[in-house]
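Breakdown of the fold
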There are 2 protein chains.
Amino acid sequence: MNESIFILKGNIVYSKSQTELAICEHGYLVCREGKVEGVYQTLPFRLGGTPIRDYGDCLIIPGLVDLHVHAPQYSFRGLGMDMELLEWLETNTFPEEAKFEDIDYAEKSYKIFADNLRRSATARACIFATVHRPATLLLMDMLEKAGLATMVGKVNMDRNCPEYLCEETSESAEETLEWIKDVNHRKYASTRPILTPRFTPSCTDELMEELKKIQMRYELPLQSHLSENQSEIEWVKELCPWSEFYGDAYDRFGLFGADCPTIMAHCVYSGDKEIARMKENGVFIAHCPESNMNLASGIAPVRKYLEEGLNVGLGSDVAGGTTENMFRCMAHAIQASKLRWRIQDERLEALTAEEVFYMATKGGGAFFGKAGSFEEGYEFDAVVLDDVRLAHPQPLDIRSRLERLIYLADEREIRAKYVNGGEIDLS
Amino acid sequence: MNESIFILKGNIVYSKSQTELAICEHGYLVCREGKVEGVYQTLPFRLGGTPIRDYGDCLIIPGLVDLHVHAPQYSFRGLGMDMELLEWLETNTFPEEAKFEDIDYAEKSYKIFADNLRRSATARACIFATVHRPATLLLMDMLEKAGLATMVGKVNMDRNCPEYLCEETSESAEETLEWIKDVNHRKYASTRPILTPRFTPSCTDELMEELKKIQMRYELPLQSHLSENQSEIEWVKELCPWSEFYGDAYDRFGLFGADCPTIMAHCVYSGDKEIARMKENGVFIAHCPESNMNLASGIAPVRKYLEEGLNVGLGSDVAGGTTENMFRCMAHAIQASKLRWRIQDERLEALTAEEVFYMATKGGGAFFGKAGSFEEGYEFDAVVLDDVRLAHPQPLDIRSRLERLIYLADEREIRAKYVNGGEIDLS
């Protein structure tokens, strides 16, 4: 059997646009050389004899994309949730992340994260590690082995954090360079480095300048945090009095998407100027609704970002969020948007199932190029969902089954998963 | 082995008060004649020889209490969630509930509900059925067989609903009487009838008067809905111009807790007068946070109700909520309260893990008498939780393990479940 071309059969669902689903019942999804060749209701004659994996009445959707998740925080998901961002970082996050200097602890912890991400519906993810180079490489080795398509960042932070975790500016830059060399040396197939200054309060101007040099030398994408919490925003104003707005504190160093693809997580309080700059620079927003709830940050005005035509994807933001399950993230996005509409601003309508599905697939997938869809030429990422556990007495159409899965699915529904055309081991 | 007395061994956790957990690590929980005899760190000498079921490092918590759930709506959980209450009732709820006139459909649908409730951490529940007497009895038969402790109501509605579902006033009262006779005839051990006028907009004054007569004759508890949605509240003002506030429209008929235990679901918009009346009458509030989100109702000011000393429990409110999983309900309660604090009213602090655990156990359990705690004399409802699936690299204390379970647990964590001292079949 030549695996360079194969076909999945089932109920194929993907986003045509932000508001419309493409549904092909009992259709054929063709993979050639790791890319989508097409979706067919009737198999073209020329494809006769191609091996078909028949998934019966299952749904087949694009692999989900998690644009923002912290791997080292997976260990304390669901713990210490009675704080806001800055206190939570000091109390929970920094002490836990410090442990990753110990490579044995890192191995134990990252194995749990990598195993669970592998078994989830997530095909692609943009991941924060810690400041530690060896542990970050170990995480990347694990994710590569799992077959997922990820971007992983060694975190940079040289101020406003406990001494046990704080880097010297030059050390932070040098370790980043060494890390990139190590990564290049490893020749990963689907694991890429991404620059990861934690957020403005953690990074001096000098460090930002060094990171910009590294970015230009290696053409690296970048991920960070933006306008998540009001105290954080005030703090950035103090730290960078020259900045017009929080995002401008990245942009002054060229680290706000103008040169290289950039993700900014949260954007709960982005004002008009920040929105305009994100649009101009093509910044990707990672909306993290469960984290917005758990850290009492507020609710990002996602409808506004969609209307403005910004790039928006979803992020689990573990451990601001409690789970890697991106179905839960989609449901939380709808729920948060409804409360925002009701309580805060009736001008921004609630998000629909179609819209959150778009964000969790094609919207976030665009950060990886052509990913998150079954249109021709897209990376072949697919998740086969068997919803038999979620029993119901009445007949349901495909769109309804998808909506139910958004609210109810977890890894038990995943019958198969493909990333870049390769089948993932779900055991 | 004499099963009238037995002992569970494990990490025993229950609410001492709204804000404090009682934790007994590797302790003994003694059941005698279906009631809790006590919790012991060291087994008293007199209990030597009593059979012990050793659950190792598992957590043992009181069975959870769901104060508000609609059994017929379980079939469309997670579906059609893009509407507010009144439109959602017309579009989703009434057409589905009408199907329960067909006893075969009811059997198919209620079996799914009863099976999943049995396998969940819920020990006790207050349940809405439909207007149909035979289907309601069938549901009660199933719940009795499952061994759960429930109160189930044949719904009453004689106005403002589609003709296919609308009862005549006299028919509604007569069917209710017949239903109660049928129930009494069946001599259930743990399944009780509860009067269930759907809500004021669905029930004429005449029907309310008839229900009051039935209540007094049989001393029945009552459940209904209150102040969930602003359009609903306006509507009640129009329908009952003589009422001081929504709750008063029940109280005028004596159906607001003054005589018999009464649950009012939601209370998102209860004003001071309504709160005062609920307090005076001992009304139980069923807070349904996921439903508040999904139907964009708003967020109930639960902190205020707790501070006022009202009786508050939690409700899944399927299918306003999407899941029977009361852990999820606890997490949603915390999350909703944080958003309320941040966006709506900083005077009402967010709920804590301790508080939602209290509401899901002892708080709601009080509606059943002594239930939801491991204090002496309480009904012996216990859930044994094995959190091994939720892997972590670091040691965790019992309180932390409970907090994680609130966010992450589902039926996979349940190793055993007891209701009234009887072990439930989880298969």
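**What to know about the packing of helix α11 (residues 326-344) of chain A against helix α13 (residues 398-408) of chain A**
All names here are of chain A. At a closest axis distance of 6 Å, the pairing of α11 and α13 adopts a crossing angle of 90 degrees. Comparing their axes, α13 and α11 come out roughly perpendicular. Residues F327, R328, M330, A331, I334, Q335 and K338 of α11 touch α13, and the partners they reach there are L405, I406 and Y407. The residue inventory of the contact of α11 with α13, partitioned by class, reads 7 nonpolar, 1 polar and 2 charged.

**Considerations on the sheet that holds strand β13 (residues 284-287) of chain B**
All names here are of chain B. Taken in spatial order, the 4 strands line up as β11-β12-β13-β14 in an open sheet, and their pairing is parallel. At either end of the open sheet lies a strand with only one pairing partner, and these are β11 (222-226) and β14 (311-314). Each neighbouring strand pair of the sheet contributes to a mean axis angle of 30 degrees, computed without reference to strand direction. Inspection of the sheet shows β11 paired to strand β12 (residues 262-266) by 5 bridges, in the parallel sense.

**A word on the sheet that holds strand β15 (residues 382-385) of chain B**
Residue and element names in this part refer to chain B. Taken together, 7 strands build an open sheet; the order of strands is β3-β2-β1-β4-β15-β16-β17 and the sheet is mixed. Pairing within the sheet leaves two strands with one partner each, and these edge strands are β3 (35-40) and β17 (422-423). Pairing between strand β4 (residues 52-62) and β15: 4 bridges, direction antiparallel. In the sheet register, I61 faces β15, and the bridge partner there is V383. In the packing of helix α12 (residues 353-365) onto the sheet, contacts are made with β1 (5-15), β2 (21-32) and β4, and the angle to β1 comes to roughly 140 degrees. Across the sheet, helix α13 (residues 398-408) is in contact with β1, β2, β4 and β15; its angle to β4 comes to roughly 65 degrees.

**Here we look at the nonpolar core**
Ranked by size, the top nonpolar core spans 233 residues in total, and within it I127 of chain A together with I127 of chain B carry the most contacts. Here I127 of chain B is in contact with V69, A71, F113, L117, L139, L143, T150, M151, V152, G153 and Q223 of chain B, once residues within four sequence places are set aside.

**Considering the packing of helix α4 (residues 169-186) of chain A against helix α5 (residues 205-218) of chain A**
All names here are of chain A. Put simply, α4 and α5 touch, their axes get as near as 9 Å, and they point 20 degrees apart. When the axes of α4 and α5 are compared, the pair comes out roughly parallel. The handedness of the crossing between α4 and α5 is right-handed. Where α4 approaches α5, its residues T169, S172, A173, T176, L177, I180, K181 and N184 are matched on the opposing element by E206, L207, E210, L211, I214, R217 and Y218. Tallied by class, the residues present in the contact of α4 with α5 amount to 7 nonpolar, 4 polar and 4 charged.

**Here we look at the relation of the copies chain B and chain A**
Of the transformation superimposing chain B on chain A, the axial component is 0.0 Å and the angular component is 180 degrees, with the fit at an RMSD of 0.0 Å. What the superposition gives is, in effect, a two-fold axis relating one chain to the other. The residues that chain B uses at the interface reappear at the interface of chain A in 100% of cases, marking a shared surface.

**Things to note about the interface of chain B and chain A**
Opposite the 54 residues of chain B that make contact, chain A presents 54 residues. Here chain B packs against chain A, burying approximately 4500 Å² in sum over the two surfaces, 54% of which is carbon and sulfur. For the pair chain B and chain A, the interface holds 10 salt bridges. Salt-bridge contacts for R389 of chain A lead to E411 of chain B; the nearest nitrogen and oxygen are separated by 3.4 Å.

**Things to note about the packing of aromatic side chains**
Residue and element names in this part refer to chain B. A complete count under the given rule lists 26 aromatic pairs over all chains for this structure. Considering the side-chain rings of F76 and W88, the 5.9 Å spacing of their centres and the 55 degrees angle between planes classify their relative orientation as tilted. Here W88 lies in helix α1 (residues 85-98) and F76 lies in the loop between β5 (64-70) and α1, a separation of 12 residues in the sequence. Of the residues examined, F76 reaches a relative accessible area of 4% and is grouped as buried. Accessibility expressed as a relative area gives 3% for W88, which makes it buried.

**Observations concerning the side chain of R159 of chain B**
Residue and element names in this part refer to chain B. Examined against the element boundaries, R159 turns out to sit in the loop between β8 (155-156) and α4 (169-186). Although R159 lies buried, it forms no salt bridge, and the closest oppositely charged side chain, D205, sits 4.7 Å away as judged by the N-O distance. Here the side chain of R159 touches C203 through a polar contact of 2.9 Å, landing on its backbone oxygen. The residues contacting R159, other than those within four sequence positions of it, are C166, T200, P201, S202, C203, T204, L239 and C240.

**Describing the domain arrangement of chain A**
Residue and element names in this part refer to chain A. Taken domain by domain, chain A comprises domain 1 (5-62 + 373-423) and domain 2 (64-368). Inter-centroid distance (C-alpha atoms) of domain 1 to domain 2 is 29 Å. Taken together, the contact pairs 30 residues of domain 1 with 30 residues of domain 2. Here domain 1 meets domain 2 over a buried area of about 2400 Å², counting both sides, of which 60% is carbon and sulfur. The interface formed by domain 1 and domain 2 includes 3 salt bridges.

**Details of helix α2 (residues 103-119) of chain A**
All names here are of chain A. With 17 residues, α2 ought to run about 24 Å at 1.5 Å a step, and its terminal C-alpha atoms sit 24 Å apart, in line with that. When we look at burial in α2, the residues that qualify are Y105, A106, S109, Y110, I112, F113, A114, D115, N116, L117 and R118. Where α2 is buried, its residues meet β5 (64-70), α1 (85-98), β6 (122-128), α3 (133-146) and β16 (414-419).

**Side note on the environment of D57 of chain B**
With respect to the helices, strands and loops of the structure, D57 of chain B is situated in strand β4. When the C-alpha atoms of D57 of chain B and G320 of chain B are compared, they prove to be 36 Å apart, with 263 residues separating the residues in sequence.

**A closer look at the side chain of N292 of chain B**
In this structure, N292 of chain B sits in helix α9 (residues 289-294). Under the relative-accessibility criterion, N292 of chain B is labelled buried at 1%. Not counting residues within four places of it along the chain, the set of residues in contact with N292 of chain B comprises L339 of chain A together with H266, V268, H287, S297, G298, I299 and A300 of chain B.

Cut-offs and rules
- Residues numbered from 1 in each chain as written.
- Chains lettered and ligands numbered in written order.
- Predicted model: local features only at pLDDT ≥ 70, side-chain atom pairs only at ≥ 80, totals over all residues.
- Heavy atoms only, no water.
- Axes fitted to C-alpha atoms, helices over the stretch in contact; angles between N-to-C directions.
- Helix = DSSP H or I, 4+ residues; strand = E, 2+ residues; numbered from the N terminus.
- Parallel < 35°, antiparallel > 145°, perpendicular 65-115°, else oblique.
- Contact = heavy atoms within 4.5 Å.
- Nonpolar A, V, L, I, M, F, W, Y, C, P; charged D, E, K, R; others polar.
- Pairing = 2+ DSSP bridges.
- Core = buried A, V, L, I, M, F, W, Y, C linked by side-chain atoms within 4.5 Å.
- Buried < 20%, exposed > 50% of the residue type's maximum accessible area, 1.4 Å probe, protein only.
- Left-handed = near helix turned anticlockwise from the far one by under 90°.
- Least-squares fit on C-alpha atoms with pLDDT ≥ 70 in both.
- Buried area = accessible area lost by both parts, 1.4 Å probe.
- Salt bridge = Lys/Arg side-chain N within 4 Å of Asp/Glu carboxyl O.
- Phe/Tyr/Trp six-rings, centres within 6.5 Å; stacked < 30°, edge-to-face > 60°.
- Lys, Arg positive; Asp, Glu negative; His and termini not counted.
- Polar contact = N/O pair within 3.5 Å; in protein donor to acceptor, adjacent residues only side chain to side chain.
- Domains from an automatic or database assignment.
- Expected span 1.5 Å × (residues − 1).

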